[in-house]
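Each chain, letter by letter, is given below.
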Amino acid sequence: MESVQSKASQSVTFDISVRSKPGGQSFLFDSVPGDKSVSQRGIILNAIGEGRGVVHNVLRSRDIESCVAILGQLGVECIWDGDDLAVSGRGLRGLKPPEFELDIGNTATSARLLLSVLAGHPFRVELAGNRLLSTRPMEWVVDPLIRMGARIDYLGNPGRLPLTIEGRAPLLPLDVEATVASAQEKSAMLFAALYAEGTSHYRQLCQSRDHTERLLRYFGIAIKTEENVTSIQGTSSFACLDVWVPGDISSAAFMLAAYVIRNDEQRGELAIRNVGVNPTRLGFFRALRAMGLELELSGEHDLPSGEPQADLHCSPRSSLKSVLVEGDEEVQSLIDEIPLLAAICALAEGTSVIRNCRELKDKDTNRIETTARMLAAFGIQVDYNEDEMVIHGEQRPSAAVVDSCGDHRIAMTAAVLASSLDEPSIIKNCGCIAVSYPNFLADLAQFAEIELLD
Ligand SMILES: O=C(O)C1=C[C@@H](OP(=O)(O)O)[C@@H](O)[C@H](O)C1
Ligand SMILES: C=C(OP(=O)(O)O)C(=O)O
């Protein structure tokens, strides 16, 4: 498996064949990769702090590499030591004008956070993304940044990358209502508020992941949240600090799902160590528990920079019930796990419904559609409209040939589903897995026989 993983790591695009691997053993993961959301926030905050901070257990994936590369073009020195990244901050307004246009690749999180940081710098920059990112909305962030005083011009389609941005110092303070239920919009607004004179206010539609608020508090920024309104004081400087990144619960979810759908009565327990268990990210666990799964957490503790982490344990269970997931807040708490949850629901008893999930249309692909299409290739029928998925239970998937459409979460969900089937499935276009979980194939090899196809 080592060689499949390392060959995969060297390829930009490749197809795989996946089938279940026999065995009734227990499954243990000593770690999962560092959390993508916390990694990006920890790196960017240190880049605009004073001094030097080490971000520990950083996710070393393509999205993070894009973020680090852009910061390098803006004059930030970042040095890797294994999974730790030492970042030498340039101060809040100290980024240097880049020589060339910035290409942020696939990551919407970094694009949106960095737009806010660039809005606080009075020089002109061109920011572009890859083909998928160039279809995703930037106006949620751009419109308020323009009101705060930045000059932003779209170079292609309105509301989308590429664009040019010329910031100003200081920015005007912000008083804004959320336009979408998105932690990225919120986080971008909070980053921009650092550059504003006075106090800014942001009212979120619902509680979304709160990694930004936790980290800003840890960095000593005056920030408070009352009834969904976050108020934050602009600043002139803050010191870099070491940040500890918990394991990514959204990556752990793939191994948990592979275990849950495994068609093997003899299987032992599953344990995954050091998983981030921030309460705003626990929707997938809640859904699986509601379906009847026994999931336990042990050794829960807070990392020094404020994120909780624990070990996850799961016992085998032969049948699962259907589930209803609804409401913006609940959907936000498992937003990246919805393709996986839909796959599990198809195997449970009864009809499951995932409602209020319209934000999925703005992910790497329209994930309501690509999830339904991917599951259809396995013979699983999902009914859907723009805000809802209805998944009938007790369907019997069969081996498939399926394209990821370049979406890492669709590729990995398909591979997980294939890992429960005796006949091999072919999953095309899997290079995208490196966006969030570069070691995925090596980890999935505990459950599956995987071949890299030429
Ligand atoms: O804030 C973040 O780091 C993220 C928030 C989510 O997006 P939205 O908050 O826009 O739904 C999620 O889908 C994405 O993978 C990472
Ligand atoms: C949508 C995702 O990330 P981003 O929005 O940062 O591209 C994701 O990781 O599934």
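So, how was this worked out
- Residues numbered from 1 in each chain as written.
- Chains lettered and ligands numbered in written order.
- Predicted model: local features only at pLDDT ≥ 70, side-chain atom pairs only at ≥ 80, totals over all residues.
- Heavy atoms only, no water.
- Helix = DSSP H or I, 4+ residues; strand = E, 2+ residues; numbered from the N terminus.
- Rg over C-alpha atoms; globule rule 2.2 N^0.38 Å.
- Buried < 20%, exposed > 50% of the residue type's maximum accessible area, 1.4 Å probe, protein only.
- Near = heavy atom within 4 Å.
- Polar contact = N/O pair within 3.5 Å; in protein donor to acceptor, adjacent residues only side chain to side chain.
- Areas by Shrake-Rupley, 256 points an atom, 1.4 Å probe, with all protein chains shown as cover.
- Nonpolar A, V, L, I, M, F, W, Y, C, P; charged D, E, K, R; others polar.
- Domains from an automatic or database assignment.
- UniProt positions renumbered as here; feature names shortened; annotations may be inferred.
- Contact = heavy atoms within 4.5 Å.
- Expected span 1.5 Å × (residues − 1).
- Core = buried A, V, L, I, M, F, W, Y, C linked by side-chain atoms within 4.5 Å.
- Phe/Tyr/Trp six-rings, centres within 6.5 Å; stacked < 30°, edge-to-face > 60°.
- Lys NZ or Arg CZ within 6 Å of the ring centre and 35° of its normal.
- Salt bridge = Lys/Arg side-chain N within 4 Å of Asp/Glu carboxyl O.
- Pairing = 2+ DSSP bridges.

> Whenever I open this one, the overall build of the protein confuses me. Can you help?
The helix and strand inventory of the protein stands at 14 helices and 24 strands. Scaling as 2.2 N^0.38, a compact globule of 454 residues should have a C-alpha radius of gyration of about 22 Å, and the protein matches this with 21 Å. Overall, the C-alpha framework of the protein stretches about 60 × 45 × 45 Å when taken along its three principal axes. Each of the 454 residues in the protein was classed as buried or not, and the buried ones make up 60%.

> Would you explain the site of ligand 2 in this entry?
Around ligand 2, 13 residues are found, and the nearest of them are K36, T109, R136, Q184 and R409. One nitrogen or oxygen atom from the main chain of A108 is found 3.2 Å from an oxygen atom belonging to ligand 2. The contact in question runs from an oxygen atom of ligand 2 to an N or O atom on the side chain of R367, over 3.0 Å. When ligand 2 is considered free in solution it has 300 Å² of accessible area, and contact with the protein chains removes 98% of it. The set of elements that each furnish at least two residues to the shell around ligand 2 consists of α4 (108-119) and α13 (408-418). A class-by-class count of the residues in the shell around ligand 2 yields one nonpolar, five polar and seven charged. Two domains each provide a minimum of three residues to the shell around ligand 2, namely domain 1 (2-34 + 246-453) and domain 2 (36-244).

> Would you mind showing me how to read the UniProt feature "active site" (unreviewed entry) in the protein here?
According to UniProt, the "active site" (unreviewed entry) feature falls on D336. Looking at the secondary structure, you find D336 in the loop between α10 (328-332) and α11 (338-345). Ignoring any residue separated from it by four or fewer positions in sequence, one finds D336 in contact with R209, S250, K363, R367 and R409.

> In this structure, what is going on with helix α8 (residues 249-260)? I would like to understand it.
Structural remark: α-helix, 3.6 residues per turn; residues separated by three or four positions point the same way. With 12 residues, α8 ought to run about 16 Å at 1.5 Å a step, and its terminal C-alpha atoms sit 16 Å apart, in line with that. The element α8 is largely enclosed, with a buried count of 12 among its 12 residues. A distance of 2.8 Å separates the backbone nitrogen of S250 from a side-chain oxygen at the start of α8, and that oxygen is part of D248.

> Explain the nonpolar core here, please?
In a soluble, globular protein the nonpolar side chains are often hidden away together inside. Ranked by internal contacts, the top residues of the largest apolar core, which has 83 residues, are I16, L256, F284, F440 and L444. Residue contributions to this core peak at 10 residues, all from α8. Dropping the residues within four chain positions of it, L256 is found in contact with L270, I272, F284, F285, L288, L295, L312 and C314. Formed by 68 residues, the second largest nonpolar core is a distinct cluster that contains L71, V125, A150 and I221.

> Honestly, the packing of aromatic side chains in this entry has me stumped. Any pointers?
Two numbers describe a pair of aromatic rings. These are the distance of the centres and the angle of the planes. On inspection of all chains with the given rule, the structure shows seven aromatic pairs. Between F27 and Y259, the aromatic rings sit 5.9 Å apart at their centres with planes inclined by 75 degrees, giving edge-to-face as the arrangement. One end of the pair, F27, is in strand β2 (residues 27-29); the other, Y259, is in helix α8, with 232 residues separating them in the sequence. The same class applies to F27 as to Y259, namely buried. Summarising the aromatic geometry, the rings of Y437 and F440 are spaced 5.4 Å apart at their centres and angled 70 degrees between planes, so their arrangement reads as edge-to-face. Here F440 falls in the buried class, since its relative accessible area comes to 0%. Aromatic ring contacts, followed pair by pair, group F27, F29, Y259 and F447 into a single cluster. Stacked on the ring of W80, the Lys or Arg R60 has its end atom at 3.8 Å from the ring centre. Looking at R267, its charged tip hangs above the ring of Y259, at a distance of 5.0 Å from the centre.

> Before we go on, may I ask you to explain the pattern of salt bridges in this structure?
Once their charged atoms are close, side chains differing in charge can pair, the charge on each being opposite to the other. In this structure the tally under the stated criterion is 22 salt bridges. A salt bridge links D336 to R209; its shortest N-O distance comes to 3.8 Å. One end of the pair, D336, is in the loop between α10 and α11; the other, R209, is in the loop between β11 (199-203) and α7 (211-218), and 127 residues separate them in sequence. With respect to burial, D336 and R209 carry one shared label: buried. Residue R358 is joined to D387 by a salt bridge in which the shortest nitrogen-to-oxygen separation is 3.3 Å.

> Any chance you could explain the pairing of strand β5 (residues 84-88) here in plain terms?
For a regular strand, side-chain orientation follows a simple rule: the groups alternate between the two sheet faces. Bridging between strand β3 (residues 52-56) and β5 involves four bridges; their strand directions are antiparallel. What sits directly across from V54, in β5, is A86. Relative to β5, strand β4 (residues 77-81) runs antiparallel, the two sharing five bridges. Within β5, the residue paired with I79 across the bridge is A86. In textbook terms, the turn of a hairpin is the stretch between consecutive antiparallel strands, and for β4 and β5 this stretch comprises two residues, one of which, G82, has a positive phi near 65 degrees.

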